[in-house]
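A closer look at the structure
Residues per chain are reported as follows:
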Amino acid sequence: MKKVLFVVLTALLSTTAYANNCVTYFEQKDFEKALIACNTEAEQGDREAQYNLALIYDERIGVDNKEKALYWFTKAAEQGHIYAQLELAYMYDQGEGVEVNKEKAAYWYALAREERGFAYTQYYFARMYAEGDDVKVDKRKALYWYTKAAEQGHVLAQHQLAYMYDKGDGVEVDKEKALYWFTKAAEQGDLEAQFQLALMYVDDKGIEVNKEKSLYWLTQAAEKGHENAQFELVYMYDQGKGVEVNKEKAAYWYSQVEAMMEEGLAGGEYGLALKYDQGKGVEVDKEKALYWYKKAAEEGNIFAQLELAYRYDQGEGVEANQEKALYWYSQAQGVEEKFVFVEAQYYFARMYAHGGGVKVDKRKASYWYTKAAEQGLGYAQYDLALMYDNGDGIEVDKEKALYWYKKAADQGVTEARLD
């Protein structure tokens, strides 16, 4: 009896090990080992292993054997695996790896639809293919399932679908469809959709300008605490952009932003300036960027002050004005003690050298490395030497490289001595 029990336990533990190996290898993206482990477990009837095995056989992940992929998707789907059912619905609907068969597509789609939270499942499935979560990125399939979920009123799917059409993310740009889906999401209270919709009505080529609708959606988002919408209203009322100048309303919305900043809920003027400058989440708008850099600088933000000093010194986006450059440079210098000021310049240089939250700009990086190096910061001297030595964004200049290596070495930078 004990021998029989031992054999049974051994078999059970062996099965469990295979199951764990299937999941583990698959998550580790070791598909050669996963193929063996998942095949064993799939043959024993485990639907998750069957689904994973189908993905491995599908060309998006591994072996490129559509026939076996179809077989294992079907096995998993027959056991109620909703993602396998959705895969089959898509394959038969679009003729991917099989002949188009609308009847079978409808069958598997209907089975999947019986599950609770079906629209969310479609949304999650779309995101999985949009972002490459355990599968290769497939924008066409992501678009397909975002559309299915969006048509059932899933607000996040509507937003993502609008984004894809707006930016041409895996699909041709279609501003009308973007407008349609942003509107659907906005009407359900999606604040970011409301903000994007407002921008489309004033800034987007291909969409008829409608300042009333733009103001309406901005206000809707701003009243619910959307930081960028509030900032946008400050700018509009302060500068008379799309509305009559109204300093009182500008001050009101600015006070709303300040309240959020005090609670740590907003990134502030400098963050907004960077967004417009770099085109992060909004269209690039140098005029608005400059406006918010100035606002941030006036509030004492040292990085905004350094940004303005650079722009007026170099004539980037503004007319060169040495007096203004000197003013903002002196403002930044007066914000902190000298050591902290130099460190800020060095940090600013590295930010532009390596793309830390901004687009890489080697010219701006070398400018600020030089400023910090001239004030004796060893690591700035070393990084500047490297740029001249390697021609990193600037012309190779071995003489200047040697000069700054020596300066850095004198400051105790060990790497400079080695170079």
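Our subject is the structure that appears above.
Parameters at a glance
Counting restarts for each chain: residues are numbered from 1 in the order of the written sequence. Local features in this predicted model are restricted to residues of pLDDT 70 or higher, and side-chain atom pairs are both shown and tallied only at a pLDDT of 80 or more, whereas totals for entire chains, interfaces and linings draw on every residue. Side-chain calculation: all heavy atoms of the structure are included, whereas hydrogens and water are not. The term nonpolar core refers to a set of buried residues drawn from Ala, Val, Leu, Ile, Met, Phe, Trp, Tyr and Cys, joined through side-chain atoms within 4.5 Å. Burial here depends on accessible area, computed with a 1.4 Å probe over protein chains only, as a share of the maximum for the residue type. Under 20% is buried, over 50% is exposed, and the range in between is partly exposed. Only DSSP runs of H or I covering at least 4 residues are called helices, and only runs of E covering at least 2 are called strands; the numbering of each starts at the N terminus. What makes a salt bridge here is a side-chain nitrogen of Lys or Arg within 4 Å of a carboxyl oxygen of Asp or Glu, nothing more. Aromatic contacts are taken between Phe, Tyr and Trp rings whose centres are within 6.5 Å, Trp giving its six-membered ring; a plane angle under 30 degrees counts as stacked, one over 60 as edge-to-face, and the others as tilted. For a Lys NZ or an Arg CZ to count as sitting over a ring, it must be within 6 Å of the ring centre and within 35 degrees of the ring normal.

Next up on the list: the nonpolar core. In terms of nonpolar packing, the biggest core is built from 136 residues, with Phe73, Trp145, Tyr146, Trp292, Tyr293 and Tyr369 touching the most fellow members. The biggest single contributor to this core is helix H19 (residues 338-354), with nine residues.

So, about the pattern of salt bridges. Scanning all chains against the criterion turns up 21 salt bridges. Residues Glu307 and Arg311 are paired through a salt bridge, measuring 3.0 Å at the closest nitrogen-oxygen approach. Highlighted residues: Glu307 and Arg311, both in helix H17 (residues 302-314), separated by four residues, approximately one helical turn. There is no split in this pair, since Glu307 and Arg311 are both buried.

Right, let's talk about the packing of aromatic side chains for a bit. Tallied over the full model, the rule gives 27 aromatic pairs. Considering the side-chain rings of Tyr329 and Trp368, the 6.4 Å spacing of their centres and the 15 degrees angle between planes classify their relative orientation as stacked. Here Tyr329 is found in helix H18 (residues 322-335), whereas its partner Trp368 is found in helix H20 (residues 362-374), with 39 residues between them in sequence. Trp368 carries the same exposure label as Tyr329, and that label is buried. Their ring planes at 80 degrees and their centres at 4.9 Å tell us that Tyr403 and Trp404 sit as a pair that is edge-to-face. The partly exposed category is assigned to Tyr403, whose relative accessible area is 45%. Each residue in the set Tyr270, Tyr293, Phe303, Tyr310, Tyr329, Tyr347, Phe348, Tyr352, Tyr367 and Trp368 is aromatic and connected to the rest through ring pairs, giving one cluster. Over the ring of Tyr254 we find Lys295, and its NZ or CZ is 5.9 Å from the ring centre. It is Lys371 that lies over the ring of Tyr329; its NZ or CZ is 5.0 Å from the centre.

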